[in-house]
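One-letter residues, chain by chain:
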Amino acid sequence: MSDTSQGKNATFTLTDNRNGKSYELPVMDASVGPSVIDVRKLYAETDCFTYDPGFTSTGSCESKITYIDGDLGVLLYRGIPIQELAEHSDFMEVCYLLLYGELPTAAQKKKFETSITYHTMLHEQLAYFFRGFRRDAHPMAVMCGVVGALSAFYHDSTDINDPHHRMIASYRLIAKMPTIAAWAYKYSLGQPFIYPRNELSYAENFLHMMYSTPCEEYRVSPVLARAMDRILTLHADHEQNASTSTVRLAGSSGANPFACISAGIASLWGPAHGGANEAVLNMLAEIGHKDNIPTFIKKAKDKDDPFRLMGFGHRVYKNMDPRANVMRQSCHEVLAELGIEDEPLLDLAMELERIALEDDYFVQRKLFPNVDFYSGIIFKAMGIPTSMFTVLFAVARTVGWVAQWNEMIEDPSQKIGRPRQLYTGYTERSYVPIDKR
Ligand code: CMC
């Protein structure tokens, strides 16, 4: 393949060495970042598919929401750097930005916050739905089930072709997710469900529903609420990652938004994706002591051992994860606020980070700590149980999922997602009756 022209109307020339034929493929330019080769007509013209398991070289859609430069460690929401949003903005404003494309005015922000606040309660019958789960169910299992079940409770917002329905469903999902998450936790403890309170911010409300009981109101620390808000901001969107692509693929068939987000939650659960924050803590517990770090580093480098250093590496970031840098700083603030000076887990994590960053294996493969490496430590310090870590990721990512889902439905070139394959199985053969096998 070769690039035959530059700028507008640029094309790639593809030559099929089997028959000497050449094909011109259009190149589409990005506003920033790599261009893409438009292969939509490739199969019709060449009778060949492209092959890219894991989509390492494939753009699956056009999007205006989030931009990542993996080499420079840049993450932009609607063009604005994540560091600026983490420092100056808040999660509600970020939700508005992701959904509508622009920062809100003060009046728009107030209206948006009020609308989200008024959707935080769950249909009362959902409380009975929770009771169908075992008490020891993983809260991500509860999240998948309850979020999927929302489509059975909110029929009036499932017409995906109606923009108003789509927006109501989006608001409902963003608003109800913390309530569902906190109730999943309360259910595991056997404590009564705590209802949302309208005077609290999004992050405060979540902490209130997690930790208040009917006997005692939980006083939310502003520093912890701010840290939680920042964590939500950092996780709000991340372009076409596995769970977002799952939401888009599920939605491409016309499935309702609650079902699509439930599919996204299932994809997020895996330890290679959102489940990594929980896996980091489990790994640190398993390592136990600084003296054991070399053994685990050796395991991570051993090709015959499936063990990986959790919280290290990223498909796109090959220099640093900008979210991890903000999270690292937040981590120290939270520990200071809580008066935790000597946190053995943090010491262990810092030592692991130091050793891994100096090791040739990690340096050569550009494996750096990612956002999940630090988020787990902050959550632990805040008293959030380990099994709830990925749930919090899901709460934060919901706005990204719904923004991407809305963008997909509005895209005039949208089609059902239907990848093809390289078939390497049997060619046609006859059925053999059971007595002849
Ligand atoms: N520990 C040890 N080796 C690793 C690790 C790791 N954490 N991550 C990648 N490698 C090695 C891998 O074995 C391969 O080596 P080689 O070239 O010798 O075969 C090389 O690095 C490239 O890895 P890859 O699997 O081809 O990379 P990928 O882009 O497919 O995977 C990843 C990215 C994030 C799934 C992977 O780095 C990983 O499993 N990390 C641990 C889980 C984790 O922390 N996930 C959270 C990601 S950030 C939050 C999110 O977006 O969900």
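It should be noted that the structure appears before, not after, this text.
Residues numbered from 1 in each chain as written. Predicted model: local features only at pLDDT ≥ 70, side-chain atom pairs only at ≥ 80, totals over all residues. Heavy atoms only, no water.

Visitor: What is the right way to look at the overall build of the chain in this model?
Guide: When helices and strands are counted, the chain shows 18 helices and seven strands. Summarising its shape, the C-alpha atoms of the chain cover approximately 80 × 65 × 60 Å along the three principal directions. For the chain, buried positions account for 48% of its 437 residues. Long-range pairs, those at least 24 residues apart, make up 69% of the contacts in the chain between residues at least 6 apart in sequence. When the accessible surface of the chain is totalled, it reaches about 22600 Å², and 52% of it is carbon and sulfur. Each charge class in the chain can be summarised by its mean position, and for the 43 positive and 53 negative side chains these summaries are 5 Å apart. (Helix = DSSP H or I, 4+ residues; strand = E, 2+ residues; numbered from the N terminus. Buried < 20%, exposed > 50% of the residue type's maximum accessible area, 1.4 Å probe, protein only. Contact = heavy atoms within 4.5 Å. Areas by Shrake-Rupley, 256 points an atom, 1.4 Å probe, with all protein chains shown as cover. Lys, Arg positive; Asp, Glu negative; His and termini not counted. Charge placed at Lys NZ, Arg CZ, Asp CG, Glu CD.)

Visitor: How should the site of the ligand be read in this particular structure?
Guide: Neighbouring the ligand are 20 residues; His273, Arg308, Leu309, Gly311 and Arg315 lie closest to it. Between the ligand and Lys303 there is a distance of 3.1 Å, counted from an oxygen atom to a side-chain nitrogen or oxygen. Side-chain polar atom of Arg315 to an oxygen atom of the ligand: 2.7 Å apart, as the coordinates give it. Protein coverage of the free-state accessible area of the ligand, which is 940 Å², stands at 76%. (Near = heavy atom within 4 Å. Polar contact = N/O pair within 3.5 Å; in protein donor to acceptor, adjacent residues only side chain to side chain.)

Visitor: Hey, could you run me through the sheet that holds strand S7 (residues 80–81) in this one?
Guide: Overall, antiparallel pairing links the three strands, which are arranged S5-S6-S7 in an open sheet. If you trace the sheet from one side to the other, it starts and ends with strand S5 (66–69) and S7, each paired once. Relative to strand S6 (residues 74–77), S5 is paired through four bridges, and the arrangement is antiparallel. Bridge pairing in S6 places Thr66 opposite Tyr77. (Pairing = 2+ DSSP bridges.)

Visitor: Could you clarify how one ought to interpret the packing of helix H7 (residues 163–189) against helix H8 (residues 202–211) in this entry?
Guide: Angle between the axes and distance between the axes: these two values describe a pair of packed helices. Orientation of H7 relative to H8, taken along the N-to-C sense of each, is 20°, at an axis distance of 8 Å. By the angle class used here, H7 and H8 are roughly parallel. As for how H7 packs across H8, the hand of that crossing is right-handed. From H7, Ile174, Pro178, Thr179, Ala181, Ala182, Tyr185 and Lys186 reach across to H8, where they touch Tyr202, Phe206, Met209, Met210 and Tyr211. (Axes fitted to C-alpha atoms, helices over the stretch in contact; angles between N-to-C directions. Parallel < 35°, antiparallel > 145°, perpendicular 65-115°, else oblique. Left-handed = near helix turned anticlockwise from the far one by under 90°.)

Visitor: I tried to follow unusual backbone geometry on my own but got confused; where do I start?
Guide: Glycine aside, a negative phi is what most residues show, and trans is what most peptide bonds show. Even without a glycine there, the phi angle at Phe55 is positive, about 50°. By secondary structure assignment, the location of Phe55 is in the loop between helix H1 (42–46) and S5. In this model, Lys366 sits at a positive phi of 55°, which is unusual for a non-glycine residue. Residue placement: Lys366 occurs in the loop between helix H16 (360–364) and helix H17 (371–381). Owing to a relative accessible area of 42%, Lys366 belongs among the partly exposed residues under this scheme.

Visitor: Help me understand the environment of Arg420, please; the structure alone is not making it clear to me.
Guide: Positionally, Arg420 belongs in the segment after helix H18 (389–410). Once the C-alpha coordinates of Arg420 and Val395 are considered, the two residues, 25 residues apart in sequence, prove to be 33 Å apart. Excluding anything up to four places from it in sequence, Arg420 contacts Tyr43 and Phe49.

Visitor: What is the right way to look at the environment of Ala10 in this model?
Guide: Counting through the fold element by element, Ala10 comes out in the loop between strand S1 (2–3) and strand S2 (11–16). Taking relative accessible area as the criterion, Ala10 reaches 7% and is therefore assigned buried. In this structure the C-alpha to C-alpha distance between Ala10 and Ala381, which are 371 residues apart in sequence, comes to 53 Å.

Visitor: Explain the side chain of Lys176 to me, please; I cannot follow it from the model alone.
Guide: With respect to the secondary-structure elements, Lys176 resides in helix H7. Buried within the structure, Lys176 lacks any salt-bridge partner; its nearest side chain of opposite charge belongs to Asp156, at an N-O separation of 9.2 Å. Excluding its chain neighbours within four sequence positions, the residues that come into contact with Lys176 are His119, Thr120, Met121, Leu122 and Tyr154. (Salt bridge = Lys/Arg side-chain N within 4 Å of Asp/Glu carboxyl O.)

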